Structure formats: structure tokens, C-alpha cells
Amino acid sequence: MSGYNHKEIEQKWQKRWYESDVYKAYNPDEPGFDKNKKSFYILDMFPYPSGSGLHVGHASGYIGTDIVTRQKRMQGFNVLHPMGWDAFGLPAEQYAIQTNQHPRHVTDVNTANFRRQLKLLALSYDWKREIDTSNPDYYRWTQWIFLQLYKKGLVYRKEMPVWWCEELKTVLANEEVINGRSERGNFPCVRKPLYQWVFKITAYADRLLEDLDGLDWPENVKKMQADWIGRSLGAEINFSVMEHKHSICVFSTRPDTLYGVTALVIAPEHPLVKEITTTACQSKIDAYLSKAMAKSDRERKAEEEITAEFTGAYCEHPLMKGQKVPIYIADYVLADYGTGAVMAVPAHDERDFLFAKKYDLPFKAVIAPKSDGKTLESCFTDDGTLVHSEEFSGLSSAEAREKITKKLEDNHLGKSKIFYKIRDWIFSRQRYWGEPFPLYFDENGEVVMADESDLPITLPDMTDFAPSPDGSSPLARVKEWTSFKHPKTSKTWGHVTHTMPGWAGSCWYYLRFMDPMNTKKAFDEKVVNYWQQVDLYVGGASHAVMHLLYARFWHKVLFDLGLVPTKEPFKKLFNQGMVTAYAYKDKTQRLVPSDEVEQVGQSYRRKSTGEPVEKFISKMAKSLRNVVNPDDVIENKGCDVLRTYEMFMGPLGDEKPWADEGISGCEKFLRKVWNLFIDDNDQIRGDKVCAPKAHDKSHYSLHKCLKRINDSFNNFNFNTSIAGMMEALNEIQDQQIDLTKEQSEFFLKMLFPFAPHISSELWERLGNKDWIDFAGWPILEEDKLVKNDFELVLQVNGKIRKKVEANVGLTDEAAKQMALEQLNEFIAGKEIVRVIYVQNKIVNVVVKG
RNA sequence: GCCGGGGUGGCGAAAUAGGUAGACGCACAGGACUUAAAAUCCUGAGUUUCGCAAGAGACGUGCGGGUUCGAUUCCCGCCCUCGGUACCA
């Protein structure tokens, strides 16, 4: 039996690739480094090596970047394309506890499986640069970078209310809690005061926001980061409390509405609540407070009705002397945003409106809509023209904001202020499987930085990793960890029992990939200056805020320290779409595993009972039994077929459902390519693919195809590349086009990034001894795209009536003339209004009657 | 609620400086080869109406309007869907 044998060919080439240094990225000064080559750094978001392995969805992003990588290599770039493991974190530890294993062991088993799977996909990583964030050789430098941030004063320790997840027994960052539930696992979380290590990311808020502008990132990701940082410009305004020496500071983005204030509302947690509450109101306030405190944040947010309580106290309006403004507490005002106090302007803010309506407070409209100057009955929240605002009446909202703020400043009653929504980053976790902090507590309980020579501070060996119910870390149970004799001081010191969160390792891994073997430094300056930054970063949209924000923060600090040459780590970002799969549910909306369903005509039913089920699209999940493992596809169809099909399904950025039936099209395509080159006796078809003279139509077919492929590298819609190659192949076969050797190579070069094994094999069989990897990317020749004739479409009133062959050089006059003759039967006896000719495309005759 | 992405055949999808809608593929149907099946190859097909047929006509890119000789593409107003986010002052 001859024919295309994917197993044999793929094994042969993978062995060659992995045993050679064909994928090696060269650092400056390294033997083999070519200073004439430009650098290109293309990075996948490295995976968290879970126990279930990769499915075809993970593979799609990696295949996409590999295609770009292979093309860049052909184009003569020195390409850095590395892979590693984001190996610290909760899931490995949870799984280790459940199965009574060491997380180290679990991680090693999982990474081995991931490595095996990735190699089967023929992803052209420089495997010598593989890194594992949980390896002390790596986290030594994570600790080192932490120390640099610590020295800059960007780390502090504080008792603060933090998100605590009872189920996970750990603190979570604000970014990790969604609607009061943990991002991982969806467990309920509560606010709890605890000592934490915290990063001052807020100190970089403005730069993290401003520098988004220059990034070649998807607009929605930039917007999500901007929203998360949440910059708002406004004013801090002081209201002095009557009969007290205190004043209450509010933050408002609408100082232009200051004359419309009819109440002041402070959060129940506001520090002045106790002091200012009058005796008469004491009991009611106490009742409100105890009710509010009993509610979780979640319950508070779920509350639809606004509730409030009067404190009995008043403050004075800052610009209207003697004007009394009542002070309320209400839990719609959040203690941890702004100053924890707002000025209520019922006429111009929706929540204030609802609040005032319920508690019967006066409305005072001070902004008139620009157009008609009428004052609205309900609230008007847009900008307008000021009324009833003393000397500011008549100004526009924008002018008034400036001038009112200025007046407040002049009178020391307030000032212009920018508030950020972003909070400092809580950086400690009460778990075992993470980087230990490079800090000690000395004999007096003071924090001492570790010496660089102490690094890495490695995790102590232990067997029970379960978190403690009191919220302390498992490391707190290790005696030699919490108290040991420090060799330099001979005093009894202790380690920090918290560990770093899973994000730590991924904050700088892209830098370590540049210089992964360095034992002296995290990364060498010269090497970083060479690679600069990640040119193309590809991964899922789920990391839009957390990972990408944290990594940008660390990078900016490293930039300030002069350790990296760029302000931003990732120049271009691309989000690959999810690969979904079909799933089924029955009448009661219960999920039915895919392998229990059969298709009958257009509908689906359960095999066992015959009851009808409904098909729908969902994420791949074990419970739905619709997870497609790339290993199986590779075993049955081959890696090239899998790669081709994953790209053929649709644009890389789109979500698209996996369908097993679809694979056969790509399988047939590659087999046809094989059969074009190789005959039944396993010999190269010299007459077909090494013809002495090029066929007339061959240049056009090949260059048209190349143009489409080149375009697809800009848009990541490789589906059109593959369609283009299928089309070219169909043309070659249908029109019995013979290719010269050069043209055959041209075709194989286009195919290579997508299906590297078969192209390498055919490249070799054409008699080439060198790697196709470096054979150069085909050059598009525009003149080859020019055709002599075309199909001229003839329309009457925009409707197609005829199509005729015409020469490309056809003049305007000749085209119209031809159209009128050809369309005679359609236009006879009618008045011709005008005739439009679109070059080399269409003639449209407009008639009346 | 607000902010993004998206609605095109039975299915995955092509095509937008406005110019032949459905490329490419799946599934389907018919045929060839075969004792037969698989594989392979060829042919067909958006829907619909008329016709024995060749063929001819109408309608078609979520819905309703508009601009234009001509709209999947531009404008206005909606509907649905998938993400993100939400007492943020």
C-alpha cells in the first residue's frame, strides 16, 4: 500500500525537528547568532498545567501562533517562540490535597503530559527555554524582583478588610472576586479584616491608563483595563458639620450641581457617624447600623430599594452661608469608594433622586437642558446650563465645574481631585503552593528583607497542605519555618507564612524566556535590549484585566529601575476565540452527554430511550462529555490534518464549534496535495511537479493564493488561507496545470506553516537537502495577478441580465456600447436615462418606462 | 441598565474605499468504478413559482425605514444573542 501515510511522515519529521536546533532562538553573542536577522518575539499565554490536559480549544491558539512563527522564520527573522508552565496555584494544590499527593508531584506529572501533547502538535517552540514558575531556579528571581519592588516602597503590610473565601480558605484579590463569589470555583466570599501584603499598584494607576493608548491591543481589552482603573475627575468638597468642629469631605464628579445639594449622605461605616448622631436619632441610627452590618456586601447590593436614616445632624452648604443640609446615612454609599460620603443632588442624579423621593427631601434643579431651557420634573443627569447658582448661573456645566472648583479652592473649602476605582493589589495567599516571600520577621517582629544571597527561599517540605480553618497558612504549622536561627545574626527569626498568588510568576515570565538559563541575573540587560518586548502576545480574553494589568505594573516598575528598555511588555495583543462544542439537553433542560445522543434526520434523540433532545453550543466540559482531545485526532488523522482543520473552522479570533464531520475536508485536501506530487509507486510525479515550462494559468493561480494568505496573516483569519490553497489546488487539477519545480516549491512554502510535516516531506522529495523552514517566504508579484479577460456583468436597473467575456483593457465607451447591444431585448422601446460602467466589473443601464 | 462583539443556505463560513451574495468545506442527492461495500472520482443544489423539459420569473445577508443607478457593506429606529460590567458619587 502506498499513499499518504501521516504517521510515518509525522514521526520522521518530529524526530528530526526535536533532535536538531532548527527552532532555536539565538541570543546575541551566542554561537550561531546572526546579527543581520531581525528579532521577533511571539508568545503564547503559557498554560496552567491542569490534570485534564489540553483539548482542541487550547490547541487552536497555539497552532495560530505557530503558523505565524513558522512564517516569520521563513521570512528570515530570529524568532523567539518559547513555552513554559504557570505551575504555582490553587488547583494543583486542591487536587494534591484531595488525592493525598505532593503538589510538586502533581505539577510534574501534569507538565509532562502537557509537554507531550504540545510536541505532538508540532509547535515549533525553542524547548531549551522551557520554564516552570514553581521551580526554585525560576522563583528565586520572582523573589528577587519582589525585593526590588519592596525597596521602591511599593509593598506594604496592613490589616485591612479583604475578600476571604471560606471554601478556598484564602484571601483573594479584588480582581478575583466577581459579585461576591470567587473567580475560581464560584464560591461565596466575605469581607474579613486580616493582615496582608499589598502592592501599591494605585501609584501606577495613571501610567497604566495613559500608556494603553500606544498599544496595538483589541479595543475592548483596553477599555476593560481603563474601566477597571476607573479614573474620574472631580472635586473634593468639605461640608462643615454644624455645632461640631468636624467637616465631612465628599467627592463629586459634578461640582457644577453643588447648588442643588439638599442632603449629605455618608456610608454606614463612615468614621464620623457615631459622633455626629444626635441623641434623638441615636436609637434609629443604631438599628440601621446593626441591620446594615449584618448584611453581606452581596445582600446589600442585591437590595433594590434605597434605605437611609437621618442622623439628626446638619452641615452648612459651603457656598451658601447658613444653608442647612441634613446628614443621612445610607448603604447605597460605599465606604471604600471616594471618601465614603456623597452630596445628594436629587434633581441631577438618579440614585439621589430615588433617595430624596422616598425620604421626602426637597429637589432643587440647578442645571437646565441646553436646548429649551426648561427644568425637568424628574432628574436630569446630562450637562446643561446652570440656573439658581448665584454668580455661576448661565455657565455651561463644563465651565461651572472649573469655576466652582476654583472658588472652593480659593476659600479652602475643597480642591480638584482625581479618583481611581482601582485598589491596591492584595498579594498574599494563605496557601502552600506559591512563592515564599523573601522577607523575615526578626526577633522583635520587625520585617527584614532577605539578602540576595539568601535566594531562593524555598518552600519547606511538608505533607499536609490543607489550609487552617482560622485563616492562617499551612506554613504557619511548620516550626522550622516560623522560627529558625538566622545564620548571620544568630537570632531567632521567622519566615513569612503567606505565599505569593498565582499571578506572581506570570508577571515577568516573558522576560525570563529571553534569558532562561541565566544563573547570575533574572535576565541580562544586553539580551533584553536585543529582544526588547513581546511583539505578538496571544491568549484568551479572560486575562484582559488581571494578568495583563499585573504584568504591565511590574514591567513599569522594572522600567523605572532601568532594568528593561520598554514601557510596556506586550506590543501587540490578540485574543483567540474559544472552540466550543455541541452539547445536548432534554425537555427538562437536563444535560445529556454527547455519546448518548444519536442523530435522526434533522433532529437528535437519546439512544437509550429515544426521547428527543435539543442541540446547543457550549464550552467543552467533562460533564457534557463533549471534550475533544487533540491526541485522538492526531492518532487517527494526523497532526497536519488537525492543524489545518482547526484553522479552517473559522477566524482565529472567533468562537466556533468543533464538528468531527468537518475534518474530512482537510484530510482530503492534504491527501490531494500528496497525490499531486507522488504517484502510486511512491515516486515523485516529475511531469506534473517538475515540468520544464510553466503553464499559462499557473502563475495567476499561485499568486492569487499567496495574496489571500498574506492578507490572512494580518487578520488571523487563516480559514481563508486554507480555502485559498484548496482553490488553487482545484484549479491545478481541473485545468490540468503542470507546475515547474520552482512553482511546486512555491506552493509547498505557502502550505508549510499550516501543515509542516507533509510540506517538509514533499520538499525533500523534490530533491531539496536544506530545511524548508529557512527557504524563504514566496514573494508576491502583482503583475502575475493581472488577467487578460474578465466576465463583464450587464445590468438593467441594477438587475443582472447577462454576463459576457470582455478584455481587461475595455474602454468606457466600448463597454457601454457592448452593453446596449447585448441588452437590446431588455431595453428596447424604453428611455435610457444613464449608463454606468465600473471598470472591469459591471455595466448598469438605467431605463425608464 | 451601561459598554463591546455578533446575527448571511441544513451546518462551519466567504465576500465590505457600495458593484455578480453564498467562495472554500461539511452534510445531502444522483451517477461512475466495484460481485458488494469502503475509498476515490464526476454531477447537482439559497428559497420559491411556472414548465414534461431546456429554461424563465419572483424573493432572498435578524426586522422596519432611508440614501443610491446599485446596499450584506453607509444612515436612522428596533429585535435577538454572546461576552464584559454595574449602587463608582
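Calculation notes
- Residues numbered from 1 in each chain as written.
- Chains lettered and ligands numbered in written order.
- Predicted model: local features only at pLDDT ≥ 70, side-chain atom pairs only at ≥ 80, totals over all residues.
- Heavy atoms only, no water.
- Phe/Tyr/Trp six-rings, centres within 6.5 Å; stacked < 30°, edge-to-face > 60°.
- Helix = DSSP H or I, 4+ residues; strand = E, 2+ residues; numbered from the N terminus.
- Buried < 20%, exposed > 50% of the residue type's maximum accessible area, 1.4 Å probe, protein only.
- Lys NZ or Arg CZ within 6 Å of the ring centre and 35° of its normal.
- Pairing = 2+ DSSP bridges.
- Contact = heavy atoms within 4.5 Å.
- Axes fitted to C-alpha atoms, helices over the stretch in contact; angles between N-to-C directions.
- Near = heavy atom within 4 Å.
- Polar contact = N/O pair within 3.5 Å; in protein donor to acceptor, adjacent residues only side chain to side chain.

**Remarks on the packing of aromatic side chains**
Within the structure shown, the criterion is met by 58 aromatic pairs. Ring centres 5.4 Å apart and planes at 85° place the aromatic pair Phe353 and Phe363 in the edge-to-face group. Taken as a pair, Phe353 in helix H11 (residues 350–358) and Phe363 in the loop between H11 and strand S16 (367–368) lie far apart in primary sequence, ten residues in all. By relative accessible area, which is 14% here, Phe353 ends up buried. Among the residues examined, Phe363 registers a relative accessible area of 35% and is labelled partly exposed. Judged by centre distance (5.8 Å) and plane angle (75°), the ring pair of Phe718 and Phe754 falls under edge-to-face. Taken together, the residues span a long stretch of sequence, with Phe718 in helix H23 (residues 718–734) and Phe754 in the loop between helix H24 (741–751) and helix H25 (756–765) at a distance of 36 residues. As far as the burial class goes, Phe718 and Phe754 line up, both buried. For the cation-ring pair, Arg70 lies above Trp17, with the distance from its terminal atom to the ring centre recorded as 5.1 Å.

**Some points on the sheet that holds strand S22 (residues 484–485)**
The strand order across the open sheet formed by four strands is S21-S20-S23-S22, and the pairing between neighbours is antiparallel. What marks the edges here is a single partner per strand, and that holds for strand S21 (447–449) and S22. Bridging between strand S20 (residues 439–441) and strand S23 (residues 492–495) involves two bridges; their strand directions are antiparallel. Residue pairing in the sheet places Tyr440 in a bridge with His495 of S23. The sheet contacts of helix H5 (residues 136–151) involve S20 and S21, and relative to S21 the element is tilted by about 120°.

**A short note on the protein's contact with RNA strand B**
Around RNA strand B sit 52 residues, and of these Thr253, Met649, Arg671, Glu727 and Asn844 come closest. Taken together, the sugar and phosphate atoms account for 65% of what RNA strand B places within 4 Å of the protein. Note that a sugar or linking oxygen of RNA strand B is positioned 3.5 Å from one of the side-chain N or O atoms of Ser252. The biggest single contributor to the surface near RNA strand B is H23, with six residues.

**Overview of the environment of His246**
Note on placement: His246 falls in the loop between strand S10 (231–240) and strand S11 (247–252). Its relative accessible area of 18% is what places His246 among the buried residues. Considered as a pair, His246 and Glu275 are 29 residues apart in the sequence and their alpha carbons are 9.4 Å apart. Polar side-chain contacts of His246 include one of 2.5 Å to the side chain of Glu275.

**Focus: the sheet that holds strand S2 (residues 78–80)**
The strand order across the open sheet formed by four strands is S2-S1-S24-S25, and the pairing between neighbours is parallel. At either end of the open sheet lies a strand with only one pairing partner, and these are S2 and strand S25 (570–575). Ignoring strand direction, the axes of neighbouring strands in this sheet form an average angle of 20°. Across five bridges, the pairing between strand S24 (residues 534–539) and S25 is parallel. Within S25, the residue paired with Val538 across the bridge is Phe574. Across the sheet, helix H2 (residues 56–74) touches strand S1 (39–44), S2 and S24, and the angle it forms with S1 is around 170°. Of the strands in this sheet, S24 and S25 are in contact with helix H17 (residues 546–560), which crosses S25 at around 175°.

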